[in-house]
Amino acid sequence: MTPAIDPALHLALTMPKAELHVHIEGTLEPELAFALAQRNGISLPYADQAALAAAYNFDSLQSFLDLYYACADVLRTADDFRDLMLAYLERAAADHIIHTEIFFDPQTHTARGIPFATVLDGLEDGLKQGRARWGISGRLILCFLRHLSEEDALATLAEAEPHLARIDGFGLDSSEQGNPPSKFQHLFARCRALGKPVVAHAGEEGPPDYIIQALDLLGVKRIDHGVRASEDPALLARLAADGVALTVCPLSNLKLRVFPDMHAHTLGQLLAAGVKVTLNSDDPAYFGGYLNDNIRAVQAAFQFDAATWKQLAKNSFEASFASKAKKAGWVERVEVWFGGREGHDGQILCQ
Ligand code: HPA
Ligand SMILES: [Zn+2]
């Protein structure tokens, strides 16, 4: 059957893939936000869903974060966190995501008096139900808020320690400018000592030096965003040589005005330099779409061939926190899935 759309895009939309950069609080759609507000007897400072969606007009990371933290106030109970997780996993499964590593920001919730265990219990319940319903595997990455102090983050880590078996890694997010990775060296040393993988947002709005700090001072093996690495040729070469993955989020970068349009995005340069790029949705409820919406927008600008999409799918699994055996199995699944659909020059042979 011949698909009605660009064949390479059809392959990209339907290929098995992993998502490695999505904030669960950023998957809160206006409809669910209002439903949870009603369930919890609280009101949002917007008349209705349309008024809230109309406020998604950001000019920087900070302008988004202000709204994102305000909306998170509707999340109060373990049921709320479970429903939020299930809503995301249903969308992810529809986009053919078979594995996802999901950020959560406990400080956003504990600062409002929501117990750490309530957040974790709800998210975990959602992951369990999502696995049963859609066969999707999910992991949790605890993200520390970099606009707060290292002491605050260390206190959060202490709260997390009784639950370590349920937490698969640690990350760093929130306002990047003025909050360099160097601020969190002790924290990340403790996280690594606990035997967990660590990641950090770096080089989204911040300079390439923040990416270097995340590698050298925090010991991360995967960088969230990292799109400003293109400004430093030596860094680009290092990322490629060391196989450091970047979790790139194209629609996020446009919505937060990191780039004026998709043609100006550094994605093509990063791939051409041999960097292990992955594509992700970041905060899909706020930025105009889930992973397949990002793929559509990328393809409209770059017209990648099937071989490039296969590489991106393989990268998404290779860069995951899963075991070597699991990763190898998923990469093989991608190879089998593309088998016969792609010629030596990366063109589609037939459908
Ligand atoms: O894109 C982001 N950058 C930094 N912090 C965040 N928290 C949610 N999304 C983001
Ligand atoms: Zn992010």
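Cut-offs used in this document
- Residues numbered from 1 in each chain as written.
- Chains lettered and ligands numbered in written order.
- Predicted model: local features only at pLDDT ≥ 70, side-chain atom pairs only at ≥ 80, totals over all residues.
- Helix = DSSP H or I, 4+ residues; strand = E, 2+ residues; numbered from the N terminus.
- Buried ≥ 20, exposed ≤ 12 C-beta atoms within 10 Å, placed from the backbone.
- Contact = placed C-beta atoms within 7 Å.
- UniProt positions renumbered as here; feature names shortened; annotations may be inferred.
- Axes fitted to C-alpha atoms, helices over the stretch in contact; angles between N-to-C directions.
- Parallel < 35°, antiparallel > 145°, perpendicular 65-115°, else oblique.
- Left-handed = near helix turned anticlockwise from the far one by under 90°.
- Nonpolar A, V, L, I, M, F, W, Y, C, P; charged D, E, K, R; others polar.
- Pairing = 2+ DSSP bridges.
- pLDDT = per-residue confidence, 0-100.
- Right-handed = clockwise from strand over helix to strand, strands pointing away.
- Core = buried A, V, L, I, M, F, W, Y, C linked by C-beta atoms within 7 Å.
- Expected span 1.5 Å × (residues − 1).
- Arc of directions from axis to C-beta.

Caption draft 1: Region of interest: the overall build of the protein chain. A tally of helices and strands in the protein chain yields 17 helices and eight strands. Each principal axis of the C-alpha distribution contributes one length, and for the protein chain these read about 55 × 45 × 40 Å. In the protein chain, which comprises 351 residues, the proportion classed as buried is 48%. For the protein chain, long-range pairs separated by at least 24 residues make up 75% of all intrachain contacts whose partners lie at least 6 apart in sequence.

Caption draft 2: Local environment of the UniProt feature "active site" (unreviewed entry) in the protein chain. Mapped onto this structure's residue numbering, the UniProt feature "active site" (unreviewed entry) falls at Glu204. Within the element layout of this structure, Glu204 appears in the loop between strand E5 (199-202) and helix H10 (208-216). By the C-beta count within 10 Å, which is 24 here, Glu204 ends up buried. If we ignore the near neighbours within four places in the chain, the residues touching Glu204 are Leu61, Glu176, His225, Val227 and Val258.

Caption draft 3: Representation of the packing of helix H16 (residues 306-318) against helix H17 (residues 324-338) within the structure. The geometry of H16 relative to H17 is characterised by a closest axis approach of 9 Å and an angle of 165° between their N-to-C directions. Taken together, H16 and H17 sit at an angle that is classed as roughly antiparallel. For the pair H16 and H17, the crossing hand works out as right-handed. Where H16 approaches H17, its residues Ala306, Lys310, Ala313, Lys314, Phe317 and Glu318 are matched on the opposing element by Lys327, Trp330, Val331, Val334 and Phe338. Partitioning the contact of H16 with H17 into residue classes produces seven nonpolar, no polar and four charged.

Caption draft 4: Molecular detail of the sheet that holds strand E1 (residues 17-23). Read across the sheet, four strands follow the order E1-E2-E3-E4 without closing on themselves; strand pairing throughout is parallel. The two strands at the open ends of the sheet, each matched to only one other strand, are E1 and strand E4 (169-173). Neighbour to neighbour, the strand axes of the sheet diverge by 30° on average, direction disregarded. Summarising the sheet, strand E2 (residues 97-104) and strand E3 (residues 137-145) pair through six bridges and their orientation is parallel. Bridge pairing in E3 places Ile102 opposite Leu140.

Caption draft 5: Unusual backbone geometry, seen in detail. Phi at Ser174 takes a positive value of approximately 80°, unusual for a residue other than glycine. Within the secondary structure layout, Ser174 lies in the loop between E4 and helix H9 (185-193). Not every positive phi belongs to a glycine, and His225 is a case in point at roughly 75°. As for its placement among the helices and strands, His225 is situated in strand E6 (residues 222-225).

Caption draft 6: Here's a closer look at the sheet that holds strand E7 (residues 245-248). On the basis of which strands lie adjacent, the open sheet formed by four strands has the order E5-E6-E7-E8 and parallel pairing. Two strands in the sheet have a free side with no partner beyond their single neighbour: E5 and strand E8 (276-279). For this sheet the average axis-to-axis angle between neighbouring strands, irrespective of direction, equals 30°.

Caption draft 7: Layout of the confidence of the model for the protein chain. Here the protein chain shows a mean pLDDT of 95. Residues at 70 or above account for 96%. Within the protein chain, the lowest mean pLDDT, 93, falls on helix H3 (residues 49-54), and the highest, 99, falls on E1. Scoring of the predicted complex yields 0.96 for pTM and 0.96 for ipTM.

Caption draft 8: Structural view of the pairing of E6. Alignment of E5 against E6, held across four bridges, turns out to be parallel. Within E6, the residue paired with Ala200 across the bridge is Ile223. Running through H10, the crossover from E5 to the neighbouring parallel element E6 is right-handed.

Caption draft 9: Main features of the pairing of E3. Of all nine residues in E3, seven are buried, a share of seventy percent or more. Bridge count for E3 against E4 is five bridges, and the pairing is parallel. Across the sheet, the residue bridging to Ile141 is Gly169, located in E4.

Caption draft 10: Region of interest: the nonpolar core. One finds Phe104, Leu123, Ala214 and Trp309 to be the most contacted residues of the largest nonpolar core, which totals 100 residues. Per-element tally for this core: the top contributor is helix H5 (residues 78-94), with seven residues. Apart from the residues within four sequence positions on either side, Ala214 is in contact with Pro181, Ala200, Ala202, Val220 and Ile223.

Caption draft 11: Representation of helix H7 (residues 116-134). Taking 1.5 Å of rise per residue, the 19 residues of H7 would be expected to cover 27 Å, and the 27 Å separating its terminal C-alpha atoms lies within 8% of that figure. Within H7 the residues assigned to the buried category are Val119, Leu120, Gly122, Leu123, Gly126, Leu127 and Gly130. Each buried residue of H7 sits inside an arc of 165° when the element is viewed along its axis, so together they form one side. Looking at the buried residues of H7, the elements they touch are H5, E2, helix H6 (106-110) and E3. Just beyond H7, the residue with positive phi is Gly135, at close to 70°.

Caption draft 12: Region of interest: the environment of Asp83. With respect to the secondary-structure elements, Asp83 resides in helix H5. Since 19 C-beta atoms lie within 10 Å of it, Asp83 is described here as partly exposed. Sequence separation of Asp83 and Leu267 is 184 residues, and the distance between their C-alpha atoms is 33 Å.

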